[in-house]
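In case you want the letters, here they are:
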Amino acid sequence: MKHAHSLGAVVGGTCLLALGALAFTASAPSGTLTSPQPEAAAPLALPTFANQVTSLIRSALYPDSWLPVGEGGSKDAAGRFLQDFSYAGYANGDKPIPTGFGNNRMVNAVTQYGADNTYNATTNPNSVDATNAIQAAINAICTQGGGTVFLPAGTYRIRPQGTNTAALNLNCNNLILRGAVDAQGRPATFLFNDLANMRARRVIFVGTVDDRFIWYTSQVSTPTPVTQAVTDPTRIITVGSTSAFQVGAPIVIRTDTTEAFKAQHGMTAGINGCTANGCWWDGSGQGLLYYRTVQAILSGNRIRLDAPIRYLLNPDPSTGNNPRAYRTTPATYNVGIENIAIGMRENPNPGLTDSVINTPGTAAYETSGAQAIRFAGAKDSWVRNVHSFRPAVNTQNFHLSSIGIALSASTRGISVLNSSMSFPQNRLGGGNGYLMVVAGQDHLIRDSVTEGGRHNFQITDMSASGNVILGGSTINSEGTNDFHVALSHANLIDGVTTIGNSWQTINRGSTSNGAGITGTQNVFWNVIKGDTASGIFIQSEQFAWGYIIGTRGNTASVDVGGPTISAPSDWVEALNNGVNLAPTSLYLDQKAKRDANPNY
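Residues numbered from 1 in each chain as written. Predicted model: local features only at pLDDT ≥ 70, side-chain atom pairs only at ≥ 80, totals over all residues. Heavy atoms only, no water.

Caption draft 1: The overall build of the protein, seen in detail. Regarding its fold elements, the protein presents seven helices and 40 strands. Relative to the globule expectation of 25 Å for 600 residues, the C-alpha radius of gyration of the protein, 23 Å, shows essentially globular dimensions. In terms of overall dimensions, the protein has C-alpha extents of about 70 × 60 × 50 Å along its principal axes. Counting the 600 residues in the protein, one finds 62% classified as buried. About 20200 Å² of surface is accessible on the protein, with carbon and sulfur atoms providing 51% of the total. (Helix = DSSP H or I, 4+ residues; strand = E, 2+ residues; numbered from the N terminus. Rg over C-alpha atoms; globule rule 2.2 N^0.38 Å. Buried < 20%, exposed > 50% of the residue type's maximum accessible area, 1.4 Å probe, protein only. Areas by Shrake-Rupley, 256 points an atom, 1.4 Å probe, with all protein chains shown as cover.)

Caption draft 2: Summary view of the environment of T328. With respect to the element layout, T328 can be found in the loop between β15 (324–326) and β16 (332–333). A relative accessible area of 8% means that T328 is categorised as buried. Note: C-alpha distance between T328 and P160 (168 residues apart in sequence) is 29 Å. Polar side-chain contacts of T328 include one of 2.6 Å to the backbone oxygen of S218. (Polar contact = N/O pair within 3.5 Å; in protein donor to acceptor, adjacent residues only side chain to side chain.)

Caption draft 3: Highlighting the confidence of the model for the protein. Of all residues in the protein, 90% attain a pLDDT of 70 or more, and the chain-wide mean is 90. Note that residues 1–53 has pLDDT below 50 and, in this model, 153 contacts with residues that lie over four places away or in other chains. (pLDDT = per-residue confidence, 0-100. Contact = heavy atoms within 4.5 Å.)

Caption draft 4: Looking closely at the packing of aromatic side chains. With the rule as written, the count across this model stands at 12 aromatic pairs. Every member of this aromatic cluster is reached through a ring pair, and the members are F457, F483, W503 and F524. In this arrangement the basic side chain of R80 is found over the ring face of W545, its NZ or CZ atom lying 4.8 Å from the centre. A cation sits over an aromatic face here: R594 above Y87, 4.0 Å from the ring centre. (Phe/Tyr/Trp six-rings, centres within 6.5 Å; stacked < 30°, edge-to-face > 60°. Lys NZ or Arg CZ within 6 Å of the ring centre and 35° of its normal.)

Caption draft 5: Quick look at the environment of K262. If you trace the backbone, K262 turns up in helix α4 (residues 259–264). Judged by its relative accessible area of 5%, K262 is buried. When the C-alpha atoms of K262 and G550 are compared, they prove to be 32 Å apart, with 288 residues separating the residues in sequence. Setting aside residues no more than four positions away along its own chain, K262 makes contact with T257, M267, T268, N277, C279, W280 and W281.

Caption draft 6: Structural detail: the state of the cysteines. Following the criterion strictly, the structure yields two disulfides and no others. The residue that forms a disulfide with C274 is C279, at a sulfur-sulfur distance of 2.2 Å. The S-S bond linking C274 to C279 shows a torsion near -110 degrees; that makes this disulfide left-handed. One exposure class covers both C274 and C279, and it is buried. (Disulfide = S-S within 2.5 Å.)

Caption draft 7: Region of the structure containing the nonpolar core. Grouped together as the largest cluster of nonpolar side chains are 65 residues, with contacts concentrated most on I134, V149, L177, I204, I337 and I373. For this core, the element with the highest residue contribution is helix α2 (residues 131–143), accounting for six residues. Filtering out sequence-adjacent residues up to four positions away, I204 remains in contact with L168, L170, L177, L191, I337, I342, A372, I373 and R374. Among the nonpolar cores identified, the runner-up in size contains 29 residues, and V226, I237, F245 and I251 belong to it. (Core = buried A, V, L, I, M, F, W, Y, C linked by side-chain atoms within 4.5 Å.)

Caption draft 8: Quick look at the environment of G377. For G377, the location among the structural elements is in the loop between β18 (371–375) and β19 (378–388). Along the chain, G377 and R178 lie 199 residues apart, while their C-alpha atoms are 21 Å from each other. When neighbours within four sequence positions are excluded, G377 is seen to be in contact with I214, W215, A331, T332, S410 and T411.

Caption draft 9: Layout of α2. If you check α2, its first and last C-alpha atoms are 18 Å apart, about what 13 residues at 1.5 Å a residue would give, namely 18 Å. For α2, the set of buried residues is T131, A133, I134, Q135, A137, I138, A140, I141 and C142. (Expected span 1.5 Å × (residues − 1).)

Caption draft 10: Region of interest: the sheet that holds strand β13 (residues 289–298). With antiparallel pairing, six strands are arranged side by side in an open sheet as β10-β15-β12-β13-β14-β11. Only two strands of the sheet have a single neighbouring strand rather than two, namely β10 (224–225) and β11 (234–238). Alignment of strand β12 (residues 250–254) against β13, held across five bridges, turns out to be antiparallel. Residue pairing in the sheet places I253 in a bridge with Y290 of β13. (Pairing = 2+ DSSP bridges.)

Structure representation (structure tokens):
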């Protein structure tokens, strides 16, 4: 039986973040920028997360003396606890994002490489395609060992060249693609992707191989088994041999989605909405994945990692999930995209319905799977002050073909800061219309806005853990902001203003190729309801325990019931009383605790 909670009005007032977010509307951003491209709409002004405040109540699961389980902390009598989310973002949040590389080496793509930044839909629609010139500047910086490619203010017409899957490839370490800003700090550099048929292509790709599963499949060393079970979060694992590993080097720990693992979660064939194949059988069933750095090699074939393992590693051949560790292909790192607006040409073809999404020549087919920015095989990188915009040639308010920013399964530690993605043309099934997709680990999306997608924010797959969405807004999506597929675990939604949509993590059964139970140990902390609509604001029916702690803004109802598979009902505290919850942000407080005690 489901349990809907709708408790009284908000106590006190709303915080500054809520007020800032409520200023947004679902309409297209208005106004123009003072720049050579007057047709480009200004990106949305962004809210910022309010400072921590002294408040009146604390969660029973988060006392002032809290420590992580595995580092001196403990569970309550029912086995409930909050994971440590302080490792999210660039370099675990332990280092500032760099401002340059190679002694601040910089090249100007216009003056040094001839990139044309004079495109204007009315006065100069046939400007020279700038793709090759910008890529030449990128390649030159990479050859020199890194630095910054500067794109002066203006509009650049770009597109994937020939059979290339991306217009621009950022495929080396220590590389920044940086645009200019106007007097208000908004991007004054616009990338206009003018190819209408962008099926399965990207405007910008970060990485060396565009394979979301590369950390699963690329094994540079022979896998060694994890020999001691992990049942609680820990930074120490025991393996069969440590000979392939060294301090400071990366390591992958992964599992399989075995039939025993499925059975433990009620995901076998013919039950709980699963098909004859069971749930978790598609590409989403690749298993748990943790990309870590070796901090120390200890006696007894033990390894200390730079961040916790967050879920079950069971080496038992009969009941386990085959955990093992190995070295993988080196990740691309220290790549930044800054101060850029991205707009994609509208596809003019007829046919934008699910029934023709696999029919060549239709708009549905030609926009399917298109992405503005994609990361794969990448770590410790960032997107800052990057926004979508509506190109003037688009007859409708479309900014993007389909997907905004995609952080694939094989990514870790990407920070997306003060950015916005809005209004995709394709919001159909088959994985389209998602504005910020998080499938990797320990990412931080902060003070960013999504609007008008199919799913505005999406966390998906067993590879997704330790991610934090902090502040910012999600506005008017067709569906929910959701945990989409296959047991994404230990992720945090922290102080996000939600307008015209909701949040969901449930058992989706056979939907989306056997998505099944989509979450466990995920936390909704002080989420803000920015509209007055009735209905369920957060639906949290997670395996074992999930948590809703604090809601703010307008009166919110939550659903933590569901079938037996999601029992017991998820934990709820401070519903409609988040304004008095201390701390205001769980992530910021946990980060402050680890900064003060880095050896816990």
